[in-house]
Each structure stands twice: as C-alpha cells, then as structure tokens.
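Residue-level structure breakdown
Here are the chains, one letter per residue:
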Amino acid sequence: MKCPRCGRDVAAGPVAGRLSKGRVWRHDPPNMRSRYDALVSCDGSLEIVDLPYGQMELAVDEPAEPEPGEQGEPVLF
C-alpha cells in the first residue's frame, strides 16, 4: 500500500482487534537519506490506515480430532 504522507510503497501489518485497519511499517521518505545522511522516519510511519482489502475473514484450519490414546486419553477396550 502507499504511505498516506509521502506516497511511498510500504507494507502495513494488521492491528489487533481491528480487522479492516493496519499500521504502516516504519520507513524513511524518498530522498531524505541523501539530505541528512541518516535514516529519518516518515511522519506516516506507524500510522493506522484502512487496509486495501477491508474486512476479510481469515481461514483457520480446525485441528483434527485426536486418536484414542493420544494426549493422555485413556484407551477403552
């Protein structure tokens, strides 16, 4: 996605409890490193933004039922 402040293509990670929101990864704006000879974080770093796919449901595989005798369960004969 693009940073809302500098327009640079950056990644965004999910925000806990808010499926449609993400936090922009820390980055330096274009051409700032050459001016200051150091990393300078963009003002848009760590900003909360709308994720491009909105509210998505994540597929979660259900664990298989354990076989008798696994995980300390008694085996009945």
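For the structure, see preceding data.
So, a few notes on the structure that sits alongside this text. Note that the structure is a prediction, hence the values are computed from the model and not measured.

**Topic: the pairing of strand 1 (residues 12–15)**
The pairing of strand 1 with strand 2 (residues 18–24) spans 4 bridges and is classified as antiparallel. The partner of G13 across the bridge, within strand 2, is R23. The hairpin turn running from strand 1 into strand 2, its antiparallel successor, is 2 residues long, and G17 in that turn takes a positive phi close to 80 degrees.

**Concerning the pattern of salt bridges**
Applying the stated criterion across every chain yields a total of 4 salt bridges. Among the ionic pairs, R5 bridges to E47, the shortest N-O distance being 3.3 Å. With R5 in the segment before strand 1 and E47 in the loop between helix 1 (32–36) and strand 3 (48–50), the pair connects residues that are 42 residues apart, well separated along the chain. Residue classification places R5 among the exposed positions, given a relative accessible area of 54%. The partner of K21 in a salt bridge is D50, with the nearest N and O atoms 2.4 Å apart.

**Remarks on the nonpolar core**
Most often, soluble globular proteins keep nonpolar side chains buried together rather than apart. With 5 residues, the main nonpolar core is built from C3, V10, V24, C42 and V49. Sequence-distant contacts of V10, defined by excluding residues within four places in its chain, comprise M1, C3, V24 and H27.

**Description of the pairing of strand 2**
Relative to strand 3, strand 2 runs antiparallel, the two sharing 3 bridges. Bridged to K21 within strand 3 is D50.

**Comments concerning the sheet that holds strand 3**
Taken in spatial order, the 3 strands of this open sheet run 1-2-3, and their pairing is antiparallel. Both edges of this open sheet fall to strand 1 and strand 3, since each of them pairs with a single strand only. Neighbour-to-neighbour, the strand axes of this sheet turn through a mean angle of 45 degrees, independent of strand direction.

**Topic: unusual backbone geometry**
Of note, the phi angle at L46 is positive, near 65 degrees, even though the residue is not glycine. Along the chain, L46 falls in the loop between helix 1 and strand 3.

**Digging into the state of the cysteines**
One pass over the full model with this rule turns up 0 disulfides. Free cysteine: C3, not disulfide-bonded; nearest cysteine sulfur from C42 at 3.8 Å. A residue is classified by how much of its surface remains accessible, and C3, at 3% relative accessible area, is buried. For C6, which is in no disulfide, the shortest distance to another cysteine sulfur is to C3 and amounts to 3.8 Å. When its relative accessible area of 27% is taken as the criterion, C6 is described as partly exposed.

Definitions and cut-offs
Residues numbered from 1 in each chain as written. Predicted model: local features only at pLDDT ≥ 70, side-chain atom pairs only at ≥ 80, totals over all residues. Heavy atoms only, no water. Pairing = 2+ DSSP bridges. Helix = DSSP H or I, 4+ residues; strand = E, 2+ residues; numbered from the N terminus. Salt bridge = Lys/Arg side-chain N within 4 Å of Asp/Glu carboxyl O. Buried < 20%, exposed > 50% of the residue type's maximum accessible area, 1.4 Å probe, protein only. Core = buried A, V, L, I, M, F, W, Y, C linked by side-chain atoms within 4.5 Å. Contact = heavy atoms within 4.5 Å. Axes fitted to C-alpha atoms, helices over the stretch in contact; angles between N-to-C directions. Disulfide = S-S within 2.5 Å.

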